[in-house]
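Below, each chain spelled out in residue letters.
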Amino acid sequence: MKNRFLFLGIALISLTACKTTSLQVSNVQTQNNISINNELKNDEEFVKVINPYKEKLDKEMNQKISHTNVDLTKQGDNSNLGNLLADYTFDGADRWAKVNLQKNVDAALINIGGIRTTIGKGDILLKNVFEVMPFENEVIIVKMKGADLQGLFDYYAKNRVNNPVSHLYIETNNGLLSKTLINGQPVNPSQDYYIATSDYLALGGDNMKFFAKGESISTGIKLRDLFIEYFKNNSEIETKEDIRLNFIGEK
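Presented here is an overview of the structure given in this document. Keep in mind the model is a prediction, meaning the values are calculated, not measured.

1. What about the overall build of the protein chain?
Piece 1. When you go through the protein chain residue by residue, the secondary structure sums to seven helices and 10 strands.
Piece 2. By the burial criterion, 39% of the 251 residues in the protein chain qualify as buried.

This is the structure we're talking about:
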């Protein structure tokens, strides 16, 4: 009998615990939508606060750092801007490797998607480089066996994409590899090669999974900082439009 009452008591407590309480909205107020357009007035107090910082930033970003007599574009398999930035990546990484690894960099590879815009003929301003490279990507050196570089060449043969390279020559004929060179020489399968790229690509970005077979070495150098340095050190840009990617019979 006691057990029966105990059971009923537990059941009643359970039912009470499971009972839901209806919720009610206590107060609803409608508001007008504010359209963000040219008619929206500035907050004058806020403008006064930020103006000194804006003026300082504008002055810095509008400083001339170099000059080009031609438009620097990213179109085509061997674009002048792509080749230029790939060479800057190679040179900067090679300089770092000589000091820190006592090694030479053998080649460089960047992605065309990471170059966000072009640079028009005339003065090159600091802000132009930020527009070209708005990301905080780091220069990475990947140590790879020559045999594993076949994955890099196969990637280009399969995708035939204009990702800029430096000190590499990749030729395909109707989608098949016909010639591959690194530093002007055929690849030695047993040799170690040092390839400069971005951290994004070294981690497999743009489906570059072949880098996973290598050893990634961090340089601590930001790509954009490297580009700014090289533009500043070259008052007049000399472009290279040599053939590095040669996709014969494509499209």
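Next, the rest of the story.
2. Describing the side chain of Asn 83
Piece 1. In this fold, Asn 83 is placed in helix α3 (residues 80-100).
Piece 2. With a relative accessible area of 2%, Asn 83 lands in the buried category.
Piece 3. Those residues in contact with Asn 83, other than ones at most four positions away along the chain, are Asn 78, Pro 164, Val 165, Lys 240, Glu 241, Asp 242 and Arg 244.

3. Describing the sheet that holds strand β8 (residues 192-198)
Piece 1. Taken together, the five strands give an open sheet; going across it, the order is β5-β2-β8-β4-β9, and neighbouring strands pair in mixed fashion. Lying at the two open borders of the sheet, with one neighbouring strand each, are β5 (165-166) and β9 (215-222).
Piece 2. One ladder, built from two bridges, connects strand β2 (residues 107-109) with β8; its direction is parallel. Residue pairing in the sheet places Ala 108 in a bridge with Ala 196 of β8.
Piece 3. Contacting β4 (138-145), β8 and β9, helix α7 (residues 223-233) runs over the sheet at an angle of about 55 degrees to β9.

4. Looking at the environment of Lys 103
Piece 1. Inspection of the secondary structure assignment puts Lys 103 in the loop between α3 and β2.
Piece 2. Linking Lys 103 and Tyr 193, residues 90 residues apart in sequence, is a C-alpha distance of 9.6 Å.
Piece 3. Setting aside residues no more than four positions away along its own chain, Lys 103 makes contact with Asp 94, Ala 97, Lys 98 and Tyr 194.

5. Observations regarding the nonpolar core
Piece 1. Counting residues in each nonpolar core, the largest one holds 36 residues, and the members touching the most others are Leu 85, Tyr 88, Ile 141, Phe 227 and Phe 231.
Piece 2. Of all the secondary structure elements, the ones that give two or more residues to this core are α3, α4 (126-132), β4, β8, β9 and α7.
Piece 3. With nine residues, α3 is the single largest residue contributor to this core.
Piece 4. The residues touching Leu 85, leaving out its near neighbours within four places in the chain, are Ile 110, Ile 115, Val 132, Phe 227 and Phe 231.
Piece 5. Ile 140, Leu 168, Ile 182 and Phe 211 belong to the second-largest nonpolar core, a separate cluster that totals 23 residues.

6. A look at the pattern of salt bridges
Piece 1. This structure, assessed with the given rule, holds eight salt bridges.
Piece 2. One salt bridge connects Arg 244 with Asp 87, and the closest N-O pair in it is separated by 2.9 Å. Of this pair, Arg 244 sits in the loop between α7 and β10 (245-248) while Asp 87 sits in helix α3; the two residues are 157 residues apart in sequence, bridging distant segments of the chain. An identical accessibility class is assigned to Arg 244 and Asp 87; each is buried.
Piece 3. Asp 242 is paired through a salt bridge with Arg 244; the nearest N and O atoms lie 3.1 Å apart.
Piece 4. A network of salt bridges, in which partner residues are shared, links Asp 87, Asp 242 and Arg 244.

7. What about a nonpolar patch on the surface?
Piece 1. On the surface, Phe 46, Val 49, Ile 50 and Tyr 53 cluster together to form a nonpolar patch covering roughly 440 Å² of accessible area.
Piece 2. On the secondary structure map, Phe 46 appears in helix α2 (residues 44-61).

8. Quick look at unusual backbone geometry
Piece 1. Positive phi values are uncommon outside glycine, yet Asn 174 reaches one of about 55 degrees.
Piece 2. Mapped onto the elements of the fold, Asn 174 is located in the loop between β6 (168-173) and β7 (176-182).
Piece 3. Although it is not a glycine, Asn 207 adopts a positive phi angle of roughly 65 degrees.

9. Overview of the sheet that holds β6
Piece 1. With mixed pairing, three strands are arranged side by side in an open sheet as β7-β6-β10. Since the sheet does not close on itself, it has two edges, and those belong to β7 and β10, each with one partner. Ignoring which end each strand starts from, the neighbouring axes of this sheet average 5 degrees apart.
Piece 2. Bridge count for β6 against β7 is six bridges, and the pairing is antiparallel. Across the sheet, the residue bridging to Ile 170 is Thr 180, located in β7.

What counts, and where the lines are drawn
- Residues numbered from 1 in each chain as written.
- Predicted model: local features only at pLDDT ≥ 70, side-chain atom pairs only at ≥ 80, totals over all residues.
- Heavy atoms only, no water.
- Helix = DSSP H or I, 4+ residues; strand = E, 2+ residues; numbered from the N terminus.
- Buried < 20%, exposed > 50% of the residue type's maximum accessible area, 1.4 Å probe, protein only.
- Contact = heavy atoms within 4.5 Å.
- Pairing = 2+ DSSP bridges.
- Axes fitted to C-alpha atoms, helices over the stretch in contact; angles between N-to-C directions.
- Core = buried A, V, L, I, M, F, W, Y, C linked by side-chain atoms within 4.5 Å.
- Salt bridge = Lys/Arg side-chain N within 4 Å of Asp/Glu carboxyl O.
- Patch = residues over 30% accessible without salt bridge, like charges linked within 9 Å, V, L, I, M, F, W, Y side chains within 5 Å.
- Areas by Shrake-Rupley, 256 points an atom, 1.4 Å probe, with all protein chains shown as cover.

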